[in-house]
Amino acid sequence: MKQSLQEGIIVIDYGSQYTLLIARRVRELGVYSEVWPFDDPRVDLLAKGEIRCRGIVLSGGPGQVRETGAPQLATGLLDLETPILGICYGMQLIAQEMGGSVDEGTAGGEYGRTKVNIEVPRGPLGSLEAGSSTTVWMSHGDTVDELPAELEAIAATENGIVAAVAHRQKEVYGFQFHPEVSHTEAGAEMMKEFAFTICRCEGDWNMGNFVESAVASIRETVGESDHVICGLSGGVDSSVVAALMHRAIGDRLTCVFVDNGLLRHREAELVQEVFEGHFGVDLRVVDASERFIEGLAEEIDPEKKRRIIGEIFIRVFEEVASSIEGARFLAQGTLYPDVIESVSAGGPSVTIKTHHNVGGLPEDLDFLLIEPLRELFKDEVRVLGRELGLPEESVGRHPFPGPGLAIRIMGDVTRSRLKRLREADDIFISALRESNLYDSVWQAFAVLLPIQTVGVMGDKRTYEEVVALRAVTSRDGMTADRAHLPMEFLGKVSDRIINRVTGINRVVYDVSSKPPATIEWE
């Protein structure tokens, strides 16, 4: 790991929702990358030259660099010979530190897709032509309205706002836009220029290296005698964690699959087939469906649902652990999008929604947590799963939230509504597979709405529930677009659901994107 860091790029996090996308884009290039909170003690060591790496990226953030108490650059960071790229808030920090001026934009900021004109194709813009324009993703209120003498503008928006800067003598650059977001059309090329041309990285890091370092870290954390409980939900994330933990500590791992009554069709059977049959893992199956459904009775607030579910999960794990000597650790499949939507990864970011396995955990937790996937995205986890030998049926499944169908039921969670939703969801997913559309979408599922509508079935008036179908395309789950499923296909699925599922008389299709919506409805 230490050697990888010396050959890699460090991302300093100032609280952007996109921070780990930067590291992920770097890792896609075969270059190792880590994210450090701006106030991590290692950042000071980095600024003093006591920790070495090939490049540094300063992330965006929700704050304003000119505010009292706003996160600032570590003393000496800009004096290093190490190449630096500041993104959004990071670029403003560089400009301000060098004596420039940052203020509220006269146009009220820029958000979304924006055209920028390339004036001087230097640094990360080196692959673009002078005088050309490219589409980028902006998300900022403040702008750099006066550049210091050391910096020159190398790109600007059509409104004349500085979009990119370069130091006149050093390898220090800044983008007001976000190259890490897929909507920036040349973003991947910009990151490639920074990593290889400017930082001179080798590009020889891969998921095999991640497995090696993660296994070593797990063994060091757990020690030679302690035991680990792994919460196994049946989804991709927890399955990969279980396989990784098993490789690291072998029979000192006990997987606990909790049937919470909130699962997809055949979830329990698939988990047992994979982990008892394929890996030979010690798997404990606990039917706690009554506890979960009773705990959720009449609760309609989505945040409270997540916290109720998180606490019951932990209590079940504690009960299982009490029968296992030395079970001090709980391993779970937390991913970076879970963390960044629930709490800050270290920077001053804002909460989008609480994930049951992050902000939903009870304060009196009896376990030490192990979350080896905490800085990975879903597609990286799939690559890791294949590296660990998981079957494609497990690795290729669509994401499924830890709270399960409880957050796909708007309103009361009851056994009858769960049955209704489970059947509708299975019809939708089965139809996607039949039509060879399953692998063309990132995630697809059904949502049961808290309304009833009038219908006519068999010449009789009905007043029954509505199901919304949701299918999106995405690279990482941080942004997503509606999937353009054929209307004929959607009509077929609607007919099947209405004809086969008692209690549903209307089906609608969700065409919103993320942002402004989230992928899940709750």
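Structural data are supplied above this passage.
Bear in mind that the values here come from a model prediction, so they are computed numbers and not experimental data.

Cut-offs applied
- Residues numbered from 1 in each chain as written.
- Predicted model: local features only at pLDDT ≥ 70, side-chain atom pairs only at ≥ 80, totals over all residues.
- Heavy atoms only, no water.
- Helix = DSSP H or I, 4+ residues; strand = E, 2+ residues; numbered from the N terminus.
- Pairing = 2+ DSSP bridges.
- Axes fitted to C-alpha atoms, helices over the stretch in contact; angles between N-to-C directions.
- Contact = heavy atoms within 4.5 Å.
- Buried < 20%, exposed > 50% of the residue type's maximum accessible area, 1.4 Å probe, protein only.
- Phe/Tyr/Trp six-rings, centres within 6.5 Å; stacked < 30°, edge-to-face > 60°.
- Lys NZ or Arg CZ within 6 Å of the ring centre and 35° of its normal.

Participant: An account of unusual backbone geometry is requested, with residue identities and associated values reported.
Facilitator: For the peptide bond that leads from Lys 514 to Pro 515, omega is -15°, which places it in the cis range. Within the secondary structure, Pro 515 sits in the segment after strand 20 (504-509). In the segment running from Pro 515 into Pro 516, the intervening peptide bond is cis, with an omega of 15°. Counting through the fold element by element, Pro 516 comes out in the segment after strand 20. Even without being a glycine, Arg 200 presents a positive backbone phi close to 55°.

Participant: Let's hear about the sheet that holds strand 2 (residues 33-37): which residues, and what values?
Facilitator: Ordered in space as 2-1-3-4-11-10-9-6-7, the nine strands form an open sheet in which the pairing is mixed. Since the sheet does not close on itself, it has two edges, and those belong to strand 2 and strand 7 (133-140), each with one partner. For this sheet, the mean angle separating the axes of adjacent strands, direction not counted, is 25°. In the sheet, strand 6 (residues 110-118) pairs with strand 7 via eight bridges, with the strands oriented antiparallel. Across the sheet, Asn 117 pairs through a bridge with Ser 133, a residue of strand 7. Contacts from helix 2 (residues 19-28) reach strand 1 (9-13), strand 2, strand 3 (55-58) and strand 4 (84-87), with the element oriented near 160° to strand 2. Against the sheet, helix 5 (residues 187-198) engages strand 1, strand 3, strand 4, strand 7 and strand 11 (172-175), with an angle of about 160° to strand 4.

Participant: Outline the environment of Met 190, supporting the account with residue identities and numerical values.
Facilitator: With respect to the helices and strands, Met 190 occurs in helix 5. Judged by relative accessible area, Met 190 falls into the buried class, the value being 1%. Separated by 51 residues in the primary sequence, Met 190 and Val 241 have C-alpha atoms spaced 33 Å apart. Contacts of Met 190, omitting those with residues within four sequence positions, involve Pro 124, Leu 125, Leu 128, Thr 134, Phe 175, Phe 177, Pro 179 and Thr 184.

Participant: Tell me about the sheet that holds strand 15 (residues 327-331), residues and numbers included.
Facilitator: Strand order in the open sheet made by the five strands is 14-13-12-15-16, with parallel pairing throughout. Each edge of the open sheet carries a strand with a single partner, namely strand 14 (282-287) and strand 16 (368-370). The average angle at which neighbouring strand axes cross in this sheet is 30°, direction not considered. Summarising the sheet, strand 12 (residues 227-232) and strand 13 (residues 253-259) pair through five bridges and their orientation is parallel. What sits directly across from Cys 230, in strand 13, is Cys 255. Across the sheet, helix 7 (residues 236-249) lies against strand 12, strand 13, strand 15 and strand 16, angled at about 160° from strand 12, the strand it touches most.

Participant: Summarise the packing of aromatic side chains; cite the residues concerned and give the values.
Facilitator: By the definition in use, this model includes six aromatic pairs. A centroid spacing of 5.7 Å and a plane angle of 15° characterise the contact between Tyr 14 and Phe 38, whose relative ring orientation is stacked. Placement of the pair is Tyr 14 in the loop between strand 1 and helix 2 and Phe 38 in the loop between strand 2 and helix 3 (41-47), with a sequence separation of 24 residues. Tyr 14 sits in the buried class, given a relative accessible area of 2%. Aromatic side chains Phe 175 and Phe 177 sit 4.6 Å apart centroid to centroid with 15° between the ring planes, which places their arrangement in the stacked category. We note that Phe 175, like Phe 177, is buried. A connected cluster of aromatic rings, assembled from ring pairs, spans Tyr 14, Phe 38 and Tyr 89. Between the NZ or CZ atom of Arg 24 and the centre of the ring of Phe 377, over which it lies, the distance is 5.6 Å. For Arg 382, the ring lying beneath its charged end belongs to Trp 442, and the centroid distance is 5.7 Å.

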